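Descriptive structure summary
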Amino acid sequence: MANKSMSPFMTAEQAREAGFEFTDPEPKHCEYCGEPMEPLCIEGREGHLLWISCVPCTCDGARQAEELARKEQEERAARELEQAYARSGIKKRFLGAEVERPQLARYLNSFNDEPSVGLYITGPSRAGKSHSASALAKAFVASGYRTVLTTSIAMLDDVKASFDGDAKAGAARFSSCDVLIIDDLGKENANSWVMTTLFQIINDRYEAMKPTIITSQYTPDELCRRMSRAGERESAVAITERLKETCRLVTLPRRKSVYLVEAGLSET
Ligand SMILES: [Zn+2]
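Fair warning: this is a prediction, and the values are worked out from it, not measured in the lab.

With that out of the way, let us pick up the overall build of the protein chain. Check the secondary structure of the protein chain and you find 10 helices and 10 strands. Relative to its length of 268 residues, the protein chain is extended, with a C-alpha radius of gyration of 28 Å against a globular reference of 18 Å. Dimensions of the protein chain along its principal axes, counting C-alpha atoms only, are 85 × 50 × 40 Å. Burial statistics for the protein chain: of 268 residues in total, 29% are counted as buried. Pairs at least 24 apart in sequence give 72% of the contacts found in the protein chain among residues at least 6 apart.

Moving on, we get to helix α8 (residues 220-227). Regarding α8, the residues found buried are Leu223, Cys224 and Met227. Buried positions in α8, seen along its axis, are confined to an arc of 100° and lie on one side of it. Close packing links the buried residues of α8 with α7 (192-207), β9 (212-216) and α9 (233-246).

Moving on, we come to the domain arrangement of the protein chain. Examined at the domain level, the protein chain breaks down into domain 1 (8-84) and domain 2 (89-262). The distance between the C-alpha centroids of domain 1 and domain 2 comes to 49 Å.

A few words now on the sheet that holds strand β6 (residues 118-122). The 5 strands lie next to each other as β7-β8-β9-β6-β10, forming an open sheet whose pairing is parallel. At either end of the open sheet lies a strand with only one pairing partner, and these are β7 (147-151) and β10 (247-251). Taking each pair of neighbouring strands and ignoring which way they run, the sheet shows an average axis angle of 15°. Taken together, the 5 bridges between β7 and strand β8 (residues 179-183) define a ladder with parallel strand orientation. Across the sheet, Val148 pairs through a bridge with Leu180, a residue of β8. Of the strands in this sheet, β6, β7, β8 and β9 are in contact with helix α4 (residues 129-142), which crosses β8 at around 165°.

Our focus in this paragraph is the pairing of β9. Of all the 5 residues making up β9, 5 are buried; the element is thus mostly covered by neighbouring parts of the structure. Alternating residues of β9 divide into Thr212, Ile214 and Ser216 and Ile213 and Thr215, and every residue in both groups is buried. Across 4 bridges, β6 lies against β9 in parallel orientation. When the sheet's bridge partners are listed, Leu119 is paired in β9 with Ile213. On the question of chirality, the crossover connecting β8 to the parallel β9 by way of α7 is right-handed.

What counts and what doesn't
- Residues numbered from 1 in each chain as written.
- Predicted model: local features only at pLDDT ≥ 70, side-chain atom pairs only at ≥ 80, totals over all residues.
- Helix = DSSP H or I, 4+ residues; strand = E, 2+ residues; numbered from the N terminus.
- Rg over C-alpha atoms; globule rule 2.2 N^0.38 Å.
- Buried ≥ 20, exposed ≤ 12 C-beta atoms within 10 Å, placed from the backbone.
- Contact = placed C-beta atoms within 7 Å.
- Arc of directions from axis to C-beta.
- Domains from an automatic or database assignment.
- Pairing = 2+ DSSP bridges.
- Axes fitted to C-alpha atoms, helices over the stretch in contact; angles between N-to-C directions.
- Right-handed = clockwise from strand over helix to strand, strands pointing away.

Now the structure itself:
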């Protein structure tokens, strides 16, 4: 076909050059300036031409309308993304979180090559662990991964709440999502049910080679001791061994207090 561009649309002149025979289409006029517009066709069945569009008018009115439509489309996409963030568990106060730390950026950049590797982010309170967890969750959601961000306590509450129904189904949301981010691991109880449930979720993901991202104020060894405090040492060891095997360790330094000054808080 003589059409130089890859577009399937042809002007009447191009269609004639390409050897089509047709009667000229109904004239169309710009709804903003009233000027005639150049009709565009595509080839339909059996060589019939379908006049379905026009070369866009370049008048101010038409341009403004196009700009408005583009803006509305962008706003709709931004709204949908914000809803997806909320569904994944990202809290409103962390919606602005961005990946700033080089270790986290490197992790995201290498994720396609090592999609089963997680992160174990540790550091003192106020080091920005929840901020980091939210920033990572946003990056995964925006890339289309089914992502769940939760605290360990909220996750266990969710599983427990599903006991009236199907406990396995309650844990499935956490076991089967593409990326699970557990914020503040180590704050939960250490009883037998908690340790068994945590192990079940972390082990299911380990077996399925799905990445799990952890934040904790405890290092993996400290976490293991803490999880053993009610006598569930076997589960505690199993959980932390899985995490050590699959997660890259990131240690965050304490955040400077300028952050607190900005937020209008004072360190007590
Ligand atoms: Zn116009």
